[in-house]
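Here is how the chains run, residue by residue.
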Amino acid sequence: MKKLIGNLKGDKGIWSFVALLALFSFMPVFSASSNLAYIGQGNGNTLGYLVKHLAHICIGFTIIYLVHKVPYHYFRAISKVGLPVVWILLAYTLIKGTVIAGANASRWIQVPFIGITFQTSTLASIVLFIFVARYLSKTREEPITFKSSLWELWLPVFFTLILILPANFSTTALIFSMILMLAFIGKYPLKYIGIIIGTGIIFLAFFVLLSKAFPDSRFFSRVHTWESRIDNFSTDKPDEDDYQIEKAKIAIASGKIYGLGPGKSVQKNFLPQSSSDFIYAIIVEEYGLLGGLGVLALYLLLLFRFVIASHKAKTLFGKLVVIGLGFPMIFQAMINMAVAVELLPVTGQTLPLISSGGSSIWMTCFALGIIISVTKKEEEIAQELKDSALREEALQKLIDRELEEEETKNNDYSIVDKAKNPMNAVLNK
């Protein structure tokens, strides 16, 4: 174990907080899966879901370990090649998606011969963030013009978002917001960012208008869901989402300060997505306000480590990669918590590293591996500088010792004598 830990490079704080979140996830997932066990198996045995979650976490940490060994600058070229591949996967998902628990059919695809489902938008977001970081970090002799960036940057971005939007508005909005933040940090001209925001709003309005013109099209089937969620959030009309929010609020209120205790949640039997979208409500019910604040603190500490890692990065590409891949995890966690306490409408965003699910955990771990690769590179540079300084110091000590020995040797064989007889020095020797 000590040898394995010694092989882990990069920011130890990120490793620690990720491990704590993953370890903590087992109890809430084990407890909250009882609803799925009764529905799927009829016996309420949640051991199978716990073993499945353990397998997902183990595979996830294997992904982190393997990816963090790859120099992060390799992903600069991979993002350019990977973007067309992502477009193909998104288009295939949009046309022939797989239904999971009654959700929209165009979010997942099933991997052949393996049987696992995969949400392609999570992979698309990672590739897109690295692609934007690559563009913004390129050295240019001339300043960025809107015309050049429109074709090189924003056209690929909007095309990717168009393929995600029909099935998942919340993910599209989150990705677009993070890209705008990256553009701002990467010193993209502010006036151009304003134009892009306006263009995005116009396109979204046009998309909604098209859904009104073609209400029966499956590509616009989610628009009604978006509208109803926003309408119900603002007017408190009763519906399925309102039912979930009410149960989540009951769970949070029941937890009080110290909670009901591990595994003693009541509302897990009534919340349809208790192990994924609303797992934070179950955490607060079982572990109380202190447990909920503890989970929030872990995410904030992880955000703090991301900020430090970005500040220490020596290249602009490294800084943007850490921000582009790290900040969305924290914002996704905040959105999940805000939905549970009805600060935001229901969005379907999971709690990273805690909610059950295979592809979401694996893609989060893939992004974490790239971030740790950035911190590993900075550690290697710092270690090389330290070793170089030690080598120079050792060399200087060796030179000083040789000079001392040479000076001592010369003094031993000196034949200087101030006596009047010039032969006394030789005779005395």
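Residues numbered from 1 in each chain as written. Predicted model: local features only at pLDDT ≥ 70, side-chain atom pairs only at ≥ 80, totals over all residues. Heavy atoms only, no water.

## Quick word on the overall build of the protein
Right, so step 1: When its secondary structure is counted, the protein shows 16 helices and two strands.
Right, so step 2: Scored against the burial criterion, the 429 residues of the protein give a buried share of 45%.
Right, so step 3: Of all intrachain contacts in the protein linking residues separated by at least 6 positions in sequence, the fraction that spans at least 24 positions is 71%.
Right, so step 4: Counting only carbon and sulfur atoms, one obtains 67% of the accessible surface of the protein, whose full area is about 22800 Å². (Helix = DSSP H or I, 4+ residues; strand = E, 2+ residues; numbered from the N terminus. Buried < 20%, exposed > 50% of the residue type's maximum accessible area, 1.4 Å probe, protein only. Contact = heavy atoms within 4.5 Å. Areas by Shrake-Rupley, 256 points an atom, 1.4 Å probe, with all protein chains shown as cover.)

## Examining a negative patch on the surface
Right, so step 1: A cluster of like negative charges, contributed by Asp-400, Glu-402, Glu-404, Glu-405, Glu-406 and Glu-407, occupies part of the molecular surface.
Right, so step 2: Mapped onto the fold, Glu-405 is located in helix 15 (residues 358–412).
Right, so step 3: The partly exposed category is assigned to Glu-405, whose relative accessible area is 45%. (Patch = residues over 30% accessible without salt bridge, like charges linked within 9 Å, V, L, I, M, F, W, Y side chains within 5 Å. Salt bridge = Lys/Arg side-chain N within 4 Å of Asp/Glu carboxyl O. Lys, Arg positive; Asp, Glu negative; His and termini not counted. Charge placed at Lys NZ, Arg CZ, Asp CG, Glu CD.)

## Description of helix 14 (residues 316–340)
Right, so step 1: Taking 1.5 Å as the rise per residue, helix 14 with 25 residues should run 36 Å; its terminal C-alpha atoms sit 36 Å apart, in good agreement.
Right, so step 2: Remark: Glu-342 follows helix 14 within two positions and exhibits a positive phi of approximately 65°. (Expected span 1.5 Å × (residues − 1).)

## Looking at the pattern of salt bridges
Right, so step 1: On inspection of all chains with the given rule, the structure shows four salt bridges.
Right, so step 2: Here Arg-305 makes a salt bridge to Asp-11, at a shortest N to O gap of 2.6 Å. With a gap of 294 residues between them, Arg-305 in helix 13 (residues 279–312) and Asp-11 in the loop between helix 1 (2–6) and helix 2 (12–24) connect regions that are remote in the sequence.
Right, so step 3: Look at Asp-11 and you get buried, because its relative accessible area is 7%.
Right, so step 4: In this structure, Lys-249 engages Glu-246 in a salt bridge whose closest nitrogen and oxygen atoms are separated by 3.5 Å. In this pair, Lys-249 and Glu-246 are both assigned in helix 12 (residues 240–255), three residues apart and thus about one turn of the helix distant.
Right, so step 5: Residue classification places Glu-246 among the partly exposed residues on the basis of a relative accessible area of 34%.
Right, so step 6: Three or more residues joined by partner-sharing salt bridges are found here, namely Glu-246, Lys-249 and Glu-342.

## So, the nonpolar core
Right, so step 1: In this structure, Trp-154, Tyr-299, Phe-306, Leu-325 and Leu-351 are the most contacted members of the largest nonpolar core, which totals 99 residues.
Right, so step 2: Broken down by element, the residue count for this core peaks at 14 residues, all from helix 14.
Right, so step 3: If we skip the residues at most four places from it in the chain, Leu-325 touches Ile-126, Phe-129, Ile-130, Ala-367, Ile-370 and Ile-371.
Right, so step 4: Counting residues in each nonpolar core, the second largest holds five residues, with Leu-165, Phe-207, Val-223 and Trp-226 among its members. (Core = buried A, V, L, I, M, F, W, Y, C linked by side-chain atoms within 4.5 Å.)

## So, the packing of aromatic side chains
Right, so step 1: Tallied over the full model, the rule gives nine aromatic pairs.
Right, so step 2: Here Tyr-72 and Phe-317 contribute two aromatic rings whose centre-to-centre distance is 6.0 Å and whose plane-to-plane angle is 15°, an arrangement assigned as stacked. In this pair, Tyr-72 sits in the loop between helix 5 (47–68) and helix 6 (74–95) while Phe-317 sits in helix 14, placing the two residues 245 residues apart along the sequence.
Right, so step 3: The class for Phe-317 is buried, based on a relative accessible area of 2%.
Right, so step 4: Ring plane angle 75° and centroid distance 5.7 Å describe the contact between Trp-154 and Tyr-188, whose orientation is recorded as edge-to-face. Taken together, the positions of Trp-154 in helix 8 (residues 146–164) and Tyr-188 in the loop between helix 9 (169–185) and helix 10 (190–213) put the pair 34 residues apart, joining distant regions of the chain. (Phe/Tyr/Trp six-rings, centres within 6.5 Å; stacked < 30°, edge-to-face > 60°.)

## Considering the packing of helix 2 against helix 5
Right, so step 1: Where helix 2 meets helix 5, the axes come as close as 11 Å, and the angle between the chain directions of the two elements is 165°. If you check the angle between helix 2 and helix 5, you find them roughly antiparallel. Considering the relative orientation of helix 2 and helix 5, their crossing is right-handed. Of the residues in helix 5, those touching helix 2 at Trp-15, Val-18, Ala-19 and Ala-22 are Ile-57, Phe-61, Ile-64, Tyr-65 and His-68.
Right, so step 2: Partitioning the contact of helix 2 with helix 5 into residue classes produces eight nonpolar, one polar and no charged. (Axes fitted to C-alpha atoms, helices over the stretch in contact; angles between N-to-C directions. Parallel < 35°, antiparallel > 145°, perpendicular 65-115°, else oblique. Left-handed = near helix turned anticlockwise from the far one by under 90°. Nonpolar A, V, L, I, M, F, W, Y, C, P; charged D, E, K, R; others polar.)

## Quick notes on the environment of Ser-310
Right, so step 1: If you trace the backbone, Ser-310 turns up in helix 13.
Right, so step 2: Each C-alpha atom, one on Ser-310 and one on Val-374, is 8.7 Å from the other, the two residues being 64 residues apart in sequence.
Right, so step 3: Other than its neighbours up to four places away in sequence, Ser-310 contacts Lys-319, Val-322 and Ile-323.

## Notes on the confidence of the model for the protein
Right, so step 1: Averaged over every residue, the pLDDT of the protein is 83; residues scoring 70 or more account for 83%.
Right, so step 2: When mean pLDDT is compared element by element in the protein, helix 13 scores highest at 94, while helix 16 (residues 424–428) scores lowest at 59. (pLDDT = per-residue confidence, 0-100.)

## A short note on the packing of helix 9 against helix 10
Right, so step 1: Between helix 9 and helix 10, whose axes approach to 10 Å, the crossing angle comes to 170°. Comparing their axes, helix 10 and helix 9 come out roughly antiparallel. Facing helix 9, whose interface residues are Phe-169, Phe-176, Leu-180, Ala-183 and Phe-184, helix 10 presents Leu-190, Ile-193, Ile-196, Ile-197, Gly-200 and Leu-204.
Right, so step 2: Residue composition of the contact of helix 9 with helix 10, grouped by class: ten nonpolar, one polar and no charged.

## A few points about helix 9
Right, so step 1: End to end, helix 9 covers 24 Å across 17 residues, agreeing with the expected 24 Å (1.5 Å per residue, within 8%).
Right, so step 2: By the criterion of burial, helix 9 is predominantly enclosed, with twelve of the 17 residues buried.
Right, so step 3: The set of residues buried in helix 9 consists of Ser-170, Thr-171, Thr-172, Leu-174, Ile-175, Phe-176, Met-178, Ile-179, Leu-180, Met-181, Leu-182 and Ala-183.
Right, so step 4: Check the buried side of helix 9 and you find it contacts helix 7 (120–137), helix 8, helix 10 and helix 14.
Right, so step 5: Following helix 9 by one or two positions, Lys-187 has its phi on the positive side, about 65°.

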